[in-house]
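# Observations on the three-dimensional arrangement
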Amino acid sequence: MTDGSIGFDLDQPTIHALLEAFDASDWLEMTVSIGSDRLTVSRRARGVSASEPTSSEPEPAIPKPTVPKIVHAPGAHVTAQPLTGTVVESPSVGLFWRSPAPGAPPFVEAGTHVSAGDTLAIVEVMKLMNHVVAAAPGTVQAVLAENGARVEYGQPLFTIDPEA
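Heads up: these notes are all about the structure in this document.

Rules and cut-offs
Residues numbered from 1 in each chain as written. Predicted model: local features only at pLDDT ≥ 70, side-chain atom pairs only at ≥ 80, totals over all residues. Heavy atoms only, no water. Pairing = 2+ DSSP bridges. Helix = DSSP H or I, 4+ residues; strand = E, 2+ residues; numbered from the N terminus. Buried < 20%, exposed > 50% of the residue type's maximum accessible area, 1.4 Å probe, protein only. Phe/Tyr/Trp six-rings, centres within 6.5 Å; stacked < 30°, edge-to-face > 60°. Polar contact = N/O pair within 3.5 Å; in protein donor to acceptor, adjacent residues only side chain to side chain. Core = buried A, V, L, I, M, F, W, Y, C linked by side-chain atoms within 4.5 Å. Contact = heavy atoms within 4.5 Å.

In the sheet, strand 4 (residues 94–97) pairs with strand 9 (residues 150–151) via 2 bridges, with the strands oriented antiparallel. Looking at the pairing, Leu95 lines up with Arg150 of strand 9. Here strand 4 pairs with strand 6 (residues 119–125) via 3 bridges, running antiparallel. Bridging from a neighbouring strand, Trp97 pairs with Ile122 of strand 6.

Across the 7 residues that make up strand 6, a large majority, 6, are buried. Here strand 6 pairs with strand 7 (residues 128–133) via 6 bridges, running antiparallel. Following the sheet pairing, Glu124 is matched in strand 7 by Met129. Once strand 6 ends, the chain turns through 2 residues before running back antiparallel as strand 7, passing Met126 with a positive phi of about 50°.

So, on to the packing of aromatic side chains. On inspection of all chains with the given rule, the structure shows 1 aromatic pair. A centroid spacing of 5.9 Å and a plane angle of 55° characterise the contact between Phe96 and Phe158, whose relative ring orientation is tilted. Taken together, the positions of Phe96 in strand 4 and Phe158 in strand 10 (residues 156–162) put the pair 62 residues apart, joining distant regions of the chain. Judged by its relative accessible area of 0%, Phe158 is buried.

Looking at the element boundaries, Ser90 is found in the loop between strand 3 (86–89) and strand 4. For Ser90, a relative accessible area of 2% translates into the label buried. Within the local environment of Ser90, its side chain forms a polar contact with the backbone oxygen of Ser92, the two atoms lying 2.5 Å apart.

What follows covers the nonpolar core. Most often, soluble globular proteins keep nonpolar side chains buried together rather than apart. The biggest cluster of nonpolar side chains holds 16 residues, and the ones touching the most others in it are Phe96, Val114, Leu120, Val132, Leu157, Phe158 and Ile160. The element that contributes the greatest number of residues to this core is strand 6, accounting for 4 residues. Every residue in contact with Val132, bar those within four places of it in the chain, is listed here: Val88, Pro91, Asp118, Thr119, Leu120, Ala121, Val123, Leu157 and Phe158. The next biggest cluster of nonpolar side chains, apart from the first, holds 5 residues, and it includes Leu19, Met30, Val32 and Val41.

Hydrogen bonds between backbone groups are what pair the strands of a sheet, and the pairing can be parallel or antiparallel. Reading across the sheet, the 4 strands line up as 7-6-4-9 and stay open at both edges, with antiparallel pairing between neighbours. Every interior strand has two partners, whereas the edge strands, strand 7 and strand 9, have only one.

This next bit is on the side chain of Glu124. Mapped onto the fold, Glu124 is located in strand 6. By relative accessible area, which is 12% here, Glu124 ends up buried. Residues contacting Glu124, with those up to four places away along its chain left out, are Val93, Gly94, Leu95, Trp97 and Met129.

The strand order across the open sheet formed by 4 strands is 3-10-8-5, and the pairing between neighbours is antiparallel. Either end of the sheet is taken by a strand with one partner, and the two such strands are strand 3 and strand 5 (113–114). Inspection of the sheet shows strand 8 (residues 138–143) paired to strand 10 by 5 bridges, in the antiparallel sense. Pairing of Val140 across the sheet is with Ile160, part of strand 10.

This is the structure we're talking about:
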């Protein structure tokens, strides 16, 4: 499609699964065709195709994100606290953003009262912004992910104390 419109339903689970697989892989480019529609996602700069090498040097490997190790002091007692209230989970794998733009205030903080449908955060998947919304009214108890952190599908992001 040359007019910039997308013929795919980006909310379709199959498309989400393909984008998540691409995001988790070390592939540089992926093309999916369904009927006459074609979707290409790429980690390359615009205008560079797989058939046009940019130099005679091999492509550098894209580093995988690393998970920092958590080290506890000797003798420290660590207990897992069960999550209370309504847990809001990540709708997909991606980057967690607490605000609509860099430097902007976060959508919510702990203690913020929210209504059903209010945006709590954004999970970015391959430049697609998925809004994380409150399913019911209540008060945000805790924000469980760091701004800019990679989150997994189903990972708890917020706890909300529902209204009585």
